[in-house]
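# Observations on the three-dimensional arrangement
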Amino acid sequence: MKNDTDNLTREAYKKHIKDSHNKHINKEDKQKFEYTNSGLKRKLNWTIFLLIIGIIIVYLVLFFFNP
């Protein structure tokens, strides 16, 4: 059973290993970025929701308790 790396020279093998490692790192970075990005989206949505609720509460207080 032969691998695709069996007939490579030493330099080509090192390049192959380095490229493979870089692809793996880039994939992990992308997953981490997507996870962080989704967390920020969720926090932003909650912040907008709470601000809207706060504005409604202030409007109701000013409407009903206006001297």
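Residues numbered from 1 in each chain as written. Predicted model: local features only at pLDDT ≥ 70, side-chain atom pairs only at ≥ 80, totals over all residues. Heavy atoms only, no water.

### Things to note about the overall build of the protein chain
Heads up, the rule is: Helix and strand assignments come from DSSP, with helices taken as H or I runs of at least 4 residues and strands as E runs of at least 2, each series counted from the N terminus. We call a residue buried when its accessible area falls under 20% of the maximum for its residue type, exposed when it is over 50%, and partly exposed in between, using a 1.4 Å probe and counting protein chains only. Each accessible area is a Shrake-Rupley result for a 1.4 Å probe, and residues are judged covered by the shown protein chains and nothing else.
Across its full length, the protein chain carries one helix and zero strands. For the protein chain, with 67 residues in total, the buried portion stands at 1%. On the protein chain, roughly 7000 Å² of surface is accessible, and the fraction owed to carbon and sulfur atoms is 64%.

### Describing the UniProt feature "transmembrane region" (unreviewed entry) in the protein chain
Let me state the cut-off plainly: UniProt positions are given in the numbering used here, feature names are shortened, and annotations may be inferred rather than shown by experiment.
Per the UniProt record, "transmembrane region" (unreviewed entry) is found at residues 44-65. In this annotation, residues 44-65 is assigned 95% helix and 0% strand; the end-to-end C-alpha distance for the span is 31 Å.

### Considerations on the packing of aromatic side chains
In this description, a pair of aromatic rings is defined by centroid distance and the angle of the planes. Going by this rule: Two rings from Phe, Tyr or Trp (for Trp, the six-membered ring) form a pair when their centres sit within 6.5 Å of each other. Planes less than 30 degrees apart are called stacked, planes more than 60 degrees apart edge-to-face, and all others tilted.
Per the counting criterion, the structure on display carries three aromatic pairs. Considering the side-chain rings of Y59 and F63, the 6.2 Å spacing of their centres and the 20° angle between planes classify their relative orientation as stacked. Here the residue Y59 and the residue F63 both occupy positions in helix α1 (residues 10-64), the gap between them amounting to four residues, near one helical turn. Accessibility expressed as a relative area gives 54% for Y59, which makes it exposed. A centroid spacing of 5.1 Å and a plane angle of 85° characterise the contact between F63 and F64, whose relative ring orientation is edge-to-face. Using a relative accessible area of 55% as the deciding quantity, one classes F63 as exposed. Ring-pair connections join several aromatic residues into one group, and the members of that group are Y59, F63 and F64.

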